[in-house]
Amino acid sequence: MSWIPNNYTGACQAEVLTFYALLTQYLGFSYDAKFIEPTDHQDQYDFIIVGAGSAGCVVANRLSEIANWKILLLETGDEEPAITGIPGLWPILRTSSITYGYTSQPEPVICSADKDRSCSLVRGKVMGGSSSINDMVYSRGNKQDFDDWQNLGNEGWSFDSVLKYFKKSEDIRIPDADLKYHATGGYVKVEEFPYINKYSDVIISAWKELGLNEIDYNTGFQIGTAKQQYTSIRGSRLSSNGAFLRPIRGRRPNLTVSPNSRVTRIIIDPVTRTATGVEYLDLKTNKMKKVKVSKEVILSAGAFDSPKLLMLSGIGPADHLREANIDIIQDAPVGRNLHEHTIVLPFTFDLKNESKTMFNLPRIQNDLMYWMSTHEGRLAATGMQTTIAFLQTSFEKRHGVPDVQIGFAGTLSDNKCASGISSIATSYFNRVGMYVVLVKPTSRGYVRLNSTDPLWSQPLIFLNSLVESDDVERFIEGMLHARKIIKTQSFKTHGFIKVKNEPCGNFNDSTREYFECLIKKTSWTSYHPVGSCKMGPKSDEDAVIDVRLKVYGINGLRVIDASVMPAITRGGINAVVMMIGEKGSDMIKEDWMTDADWVYG
């Protein structure tokens, strides 16, 4: 494989492209490509997993623990390249050959800064999925999130029920972590980055001035402030691929991993209504292939592609499938309930103690060489993205339940190569932006097939974020609360100087008009799509799967990924998706294991 960044045409183009060439030469390969896999797949497997993302890698690991089960893991993308391991370089991954390059349909509210009002929807097309390109934050959400899932009719998904699955995966490396909520010995290493940002303590102190306590936000209780926790190991990214597949790949002969394999449909017997296999395109040979399954097909393709594959396979809204000339096997609300977090950056600060000229491409190259030798230095972290705060607006009536999240991200200004450097790394900054996230939206969108080319074109994605007035009101109140940090002594004494924020600088930034302008002109998506194959009881008109993640009306077919979430959790979703993978794997074992099955030691 060869990782390739997208073309760059901004300032300092020659210097940036030279650095791109360096990255491609030294980090564009994949160590995982050295694993030896069978060149020809068997005709039949016990389980076929579609998608090697945050959940699919977990499921492949856990099911292959049963030594006499044959498992096939299919992934459209390539092996995970070495460059993904560098925390500080994650921005360049989002615009490269290991993403799908999806965009939304024109949005009524967010992403209006784009000429087409279309949001960029970054999704990983690589082993590890989006866990290989994200910012590595480990966030479980709030206790109430999961209790709400259960209250919606999803028995067994309360916080107390799922906590053991978070812990099952985890190997916490943070001193004094509460082992009532954390665990050691799991596949997922959870750490703070080794490179200490000098501004982290300043921001924490500022929130404390405003009455927030310092907390561990992964205990299920979130109101407060904290240093972020990351899925990393000694200054290097730990994707779901790195955590769950690398330790076992090549060691379990019952697991076949097949990247560059694009599944085109699930084969379903229309009489028995049973999934009998999958059809996929081998991207290396450009040949269509079919493979049978004896037990189950498991869809772990994510909130956009899992509903797409269900619809391509005849499971979806009947009228829409007719439009796309697809034979209907099961009329189902596939694609509905899509939603995710929305972000606005309301305030920007110059850092008077940071040099305006010290950041340049030669310095990044030296830091890159240092990281490659030591896994330390600036690139062993993500710059200013080291702290988090969770606040509760007056719209959330339950005690201790936040609806907005606040963080900080560094950028460069007054530097001739600022745009080029910022597109590569977040580790270099002399300016910092505060971002506010609506973590509990009520607005809902949907996913549909492109009826003119349902198979090969991207799905039609309608986020509809912030179309509900309640979401806008929560957002505005949250940003007004966040503004209070400007006047703290911590900010004043440590050189945080508020600067005019375009394009809404003609409004007073303490007024409602300012925040309404921001929402209209600068809001964008957080890349946390969920809910499009909703889990729920049969009485729920939006439910696609039941509490055991089985597709209603179809035998031998489950969905295990972010699309099953009935409602999004308060925080990043990667940890939650891995938890769903753990719990879903146990459900499969409960349904299929017999006394004759034996487990790898």
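Whatever comes next refers back to the structure up there.
An account of the accompanying structure is given in this report. Residue positions are given per chain, counting from 1 as you read along its sequence in written order. Whole-chain, interface and lining totals are the exception, using all residues; otherwise, since this is a predicted model, local features are given only for residues with pLDDT of at least 70 and side-chain atom pairs are given and counted only at 80 or more. Side-chain metrics in this entry use all non-hydrogen atoms of the structure; hydrogen atoms and water are not considered.

### As for the overall build of the protein chain
Counting from the N terminus, the helices are the DSSP runs of H or I reaching at least four residues and the strands are the DSSP runs of E reaching at least two. If you tally the helices and strands in the protein chain, you get 15 helices and 24 strands. With the radius of gyration taken over C-alpha atoms, the globule rule is written as 2.2 Å times the number of residues to the power 0.38. Compactness check: the protein chain gives a C-alpha radius of gyration of 23 Å against a globular reference of 25 Å for 601 residues, within 12% of the reference. C-alpha extents for the protein chain along the principal axes are approximately 70 × 50 × 50 Å. Counting every position in the protein chain, which comprises 601 residues, the buried fraction comes to 63%. Any two residues whose heavy atoms approach within 4.5 Å are treated as being in contact. At a minimum sequence separation of 6, the contacts of the protein chain that also span at least 24 residues come to 73%. Entry remark: accessible area of the protein chain is about 22600 Å², with carbon and sulfur atoms responsible for 50%. Here the protein chain holds 66 positive side-chain charges and 68 negative ones, and the gap between their average locations is 2 Å. Relative accessibility thresholds used throughout: buried, under 20% of the residue-type maximum; exposed, over 50%; partly exposed, between the two (1.4 Å probe, protein chains only). Areas reported here follow the Shrake-Rupley algorithm with a probe of radius 1.4 Å; residue values treat only the protein chains shown as occluding. This count recognises Lys and Arg as positive and Asp and Glu as negative, with His and chain-terminal groups excluded. Charged groups are reduced to one reference atom each: NZ for lysine, CZ for arginine, CG for aspartic acid, CD for glutamic acid.

### Thoughts on the nonpolar core
Counting 138 residues, the largest nonpolar core has Trp149, Leu310, Phe408, Met579 and Ile580 as the members making the most contacts within it. The dominant element in this core, judged by the number of residues it contributes, is helix α15 (residues 574-592), at eight residues. Non-local contacts of Trp149, meaning those with residues more than four positions away in its chain, are made with Asn154, Trp157, Met535, Met565, Pro566, Ala567, Thr569, Val576, Met579 and Ile580. To qualify as a nonpolar core, a set must consist of buried Ala, Val, Leu, Ile, Met, Phe, Trp, Tyr and Cys residues joined through side-chain atoms within 4.5 Å. Counting 34 residues, the second largest nonpolar core, distinct from the first, contains Trp90, Leu93, Cys417 and Ile421.

### Focus: the environment of Asp542
Relative to the helices and strands, Asp542 resides in the loop between β23 (524-525) and β24 (557-559). The spatial distance from the C-alpha of Asp542 to the C-alpha of Ala332 is 8.3 Å, given a sequence separation of 210 residues. When near neighbours in sequence (up to four residues on either side) are disregarded, Asp542 contacts Pro333, Arg336 and Lys534. Within polar-contact distance, the side chain of Asp542 engages the side chain of Arg336 at 2.7 Å. Polar contacts here mean pairs of N or O atoms no more than 3.5 Å apart (in protein, one a potential hydrogen donor and the other a potential acceptor; neighbouring residues in sequence count only if both atoms are side-chain atoms).

### Describing the sheet that holds strand β5 (residues 170-172)
A pair of strands counts as paired when DSSP detects no fewer than two bridges linking them. Strand order in the open sheet made by the four strands is β5-β6-β8-β9, with mixed pairing throughout. Each edge of the open sheet is held by one strand with a lone partner, namely β5 and β9 (236-237). Sheet topology note: the strand β8 (residues 230-233)/β9 ladder contains two bridges and is antiparallel. Counterpart to Ile233 in the pairing with β9 is Ser236.

### Concerning the state of the cysteines
Count a disulfide wherever a pair of cysteine sulfur atoms falls within 2.5 Å. In total, this model carries three disulfides according to the counting rule given. Shown here is the disulfide that connects Cys111 with Cys119, its sulfur atoms set 2.0 Å apart. Where Cys111 bonds to Cys119 through sulfur, the torsion about that S-S bond is close to 110°, and the disulfide is right-handed. Considered together, Cys111 and Cys119 belong to a single accessibility category, that of buried residues. Two residues, Cys504 and Cys517, share a disulfide whose sulfurs are 2.0 Å apart. One disulfide, between Cys504 and Cys517, carries an S-S torsion of -85° and so falls in the left-handed class. Of the two residues, Cys504 sits in the loop between β22 (496-499) and α14 (512-522) while Cys517 sits in helix α14, which places them 13 residues apart along the sequence. Residue Cys504 shares its accessibility class with Cys517, and that shared class is buried.

### Notes on helix α12 (residues 469-482)
Turn by turn, an α-helix covers 3.6 residues, leaving residues three or four places apart pointing in a common direction. The end-to-end C-alpha distance of α12, which contains 14 residues, comes to 20 Å, matching closely the 20 Å that a straight helix rising 1.5 Å per residue would cover. Listing the buried residues of α12 in full gives Asp471, Val472, Arg474, Phe475, Ile476, Glu477, Gly478, Met479 and Ala482. Lining the buried residues of α12 we find α6 (200-209), β16 (342-351), β17 (387-391), β18 (404-411), β19 (431-438) and α14. One less than the residue count of a helix, multiplied by 1.5 Å, gives the span that helix is expected to have.

### What to know about helix α8 (residues 302-312)
In terms of burial, α8 is largely enclosed, as 11 of its 11 residues are buried. Those residues of α8 that sit buried are Gly302, Ala303, Phe304, Asp305, Ser306, Pro307, Lys308, Leu309, Leu310, Met311 and Leu312.

### Details of the pattern of salt bridges
Side-chain pairs of opposite charge can arise where the charged atoms are in close proximity. Throughout this description, the term salt bridge denotes a Lys or Arg side-chain nitrogen within 4 Å of a carboxyl oxygen of Asp or Glu. Summed over the entire model, instances satisfying the criterion amount to 41 salt bridges. A salt bridge links Arg322 to Asp319; its shortest N-O distance comes to 2.8 Å. Pair noted here: Arg322 and Asp319 are both in helix α9 (residues 318-323), with a separation of three residues, about one helical turn. One salt bridge connects Asp542 with Arg336, and the closest N-O pair in it is separated by 2.7 Å. Remark: Arg336 occurs in the loop between β15 (330-331) and β16 and Asp542 occurs in the loop between β23 and β24; sequence separation between them is 206 residues. With a relative accessible area of 17%, Asp542 lands in the buried category.

### Some words on unusual backbone geometry
In this structure, Pro503 follows Glu502 across a cis peptide bond, with omega equal to 5°. Tracing the chain through its elements places Pro503 in the loop between β22 and α14. Here Leu549, not a glycine, exhibits a phi torsion of approximately 70°, which is positive. Within the secondary structure layout, Leu549 lies in the loop between β23 and β24.

### Looking at the side chain of Ser427
By the element assignment, Ser427 lies in the loop between α11 (418-424) and β19. Engagement of the side chain of Ser427 in a polar contact is seen with the backbone oxygen of Ala381, the distance being 3.2 Å. Setting aside residues up to four positions removed in sequence, Ser427 forms contacts with Gly88, Arg378, Leu379, Ala381 and Gly383.

### Focus: the packing of helix α5 (residues 159-169) against α15
The axes used here are C-alpha line fits, helices contributing only the stretch in contact, and every angle between their N-to-C directions lies in the interval 0 to 180 degrees. Taken N-terminus to C-terminus, the directions of α5 and α15 make an angle of 105°; their axes are 9 Å apart at the nearest point. Considering the angle they form, α5 stands roughly perpendicular to α15. Contacts from Val162, Tyr165, Phe166, Lys168 and Ser169 in α5 reach Ala575, Val576, Met579, Glu582, Lys583 and Asp586 in α15. Under this scheme an angle from 65 to 115 degrees is roughly perpendicular, one under 35 degrees roughly parallel, and one over 145 degrees roughly antiparallel; angles in between are oblique.

### Side note on the environment of Thr488
If you trace the backbone, Thr488 turns up in the loop between α12 and α13 (489-493). On a C-alpha basis, the gap between Thr488 and Asp597 in space is 62 Å, while along the polypeptide they are 109 residues apart. Here Thr488 is in contact with Ala206, Glu209 and Leu210, once residues within four sequence places are set aside.

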